[in-house]
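If you want the building blocks of each chain, they are given just below.
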Amino acid sequence: MKKIFFSLVAIASISLSASAQVKAMQTVKLSSPTVQCEMCKTKIETYLKRYDGVNTVSVNVKKKETTVKYLTDRINEEEIKAVAGE
């Protein structure tokens, strides 16, 4: 009886782990020529993180560049560029 129970548990766990989907993560780098200070950086990061599918936002003030990691099934690069004002 124990062997049957453990076999069922093993089969169930394998089937559940096989059905888990890995969502495609993409990274885009945008030019941000108007970023001049830390307050600008904070505003951009806060604003972009509100959108569904955006995982991380990092603004580099010195390089005037914004890096966005997002899920491709929820938002695309064109939408991010439109939101960021590029």
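Residues numbered from 1 in each chain as written. Predicted model: local features only at pLDDT ≥ 70, side-chain atom pairs only at ≥ 80, totals over all residues. Heavy atoms only, no water.

Visitor: I'm lost on the packing of aromatic side chains in this one. Help?
Guide: To describe a pair of aromatic rings, one takes the distance between the centres and the angle between the planes. Counted according to the given criterion, the structure contains one aromatic pair. Seen from their ring centres, Tyr47 and Tyr51 are 5.8 Å apart, and the 75° between their planes marks the pair as edge-to-face. Overall, Tyr47 belongs to the partly exposed group, its relative accessible area being 39%. (Phe/Tyr/Trp six-rings, centres within 6.5 Å; stacked < 30°, edge-to-face > 60°. Buried < 20%, exposed > 50% of the residue type's maximum accessible area, 1.4 Å probe, protein only.)

Visitor: Any chance you could explain the environment of Tyr70 here in plain terms?
Guide: Within the element layout of this structure, Tyr70 appears in strand β3 (residues 65-71). Its relative accessible area of 4% is what places Tyr70 among the buried residues. Residues Tyr70 and Val54, spaced 16 residues apart in sequence, show a C-alpha to C-alpha distance of 4.3 Å. The contact partners of Tyr70, leaving out residues within four places of it in the chain, are Ala24, Met25, Gln26, Thr27, Val28, Gly53, Val54, Asn55, Ile75, Asn76, Glu77 and Ile80. (Helix = DSSP H or I, 4+ residues; strand = E, 2+ residues; numbered from the N terminus. Contact = heavy atoms within 4.5 Å.)

Visitor: Is there a simple way to think about the nonpolar core in this case?
Guide: For soluble globular proteins, the rule of thumb is that nonpolar side chains tend to be buried together. Counting residues in each nonpolar core, the largest one holds 12 residues, listed as Val28, Leu30, Val35, Leu48, Val54, Val57, Val59, Val61, Val68, Tyr70, Ile75 and Ile80. Among the elements that make up this core, the one with the highest residue count is strand β2 (residues 54-60) (three residues). (Core = buried A, V, L, I, M, F, W, Y, C linked by side-chain atoms within 4.5 Å.)

Visitor: So what exactly am I meant to see when it comes to unusual backbone geometry here?
Guide: Excluding glycine, residues mostly have negative phi values, and the peptide bonds linking residues are mostly trans. A positive phi is found at Lys64, a non-glycine position, where the angle reads about 55°. Within the secondary structure, Lys64 sits in the loop between β2 and β3.

Visitor: Hey, could you run me through helix α3 (residues 77-84) in this one?
Guide: A distance of 3.3 Å separates the backbone nitrogen of Glu78 from a side-chain oxygen at the start of α3, and that oxygen is part of Asn76. Once α3 ends, the next one or two residues include Gly85, with phi positive near 80°. (Polar contact = N/O pair within 3.5 Å; in protein donor to acceptor, adjacent residues only side chain to side chain.)

Visitor: Help me out: how do you make sense of the environment of Val59 in this one?
Guide: You can see Val59 is positioned in strand β2. Under the relative-accessibility criterion, Val59 is labelled buried at 4%. Beyond its immediate sequence surroundings of up to four residues, Val59 is in contact with Val35, Lys41, Ile44, Glu45, Glu65 and Thr66.

Visitor: Is there a simple way to explain the pattern of salt bridges in this structure?
Guide: Side chains that differ in sign of charge can pair as their charged atoms come close. A full pass over the atoms with the stated rule returns three salt bridges. Put simply, Lys29 and Glu65 hold a salt bridge, and the shortest N to O gap is 4.0 Å. Here Lys29 is found in strand β1 (residues 25-31), whereas its partner Glu65 is found in strand β3, with 36 residues between them in sequence. Lys29 gets classed as exposed once you look at its relative accessible area, which sits at 57%. Looking at Glu65, the relative accessible area reads 25%, which means it is partly exposed. For Arg74, the salt bridge goes to Asp52, with nearest N and O atoms at 3.5 Å. With Arg74 in the loop between β3 and α3 and Asp52 in the loop between α2 (38-49) and β2, this residue pair connects regions lying 22 residues apart in the sequence. (Salt bridge = Lys/Arg side-chain N within 4 Å of Asp/Glu carboxyl O.)

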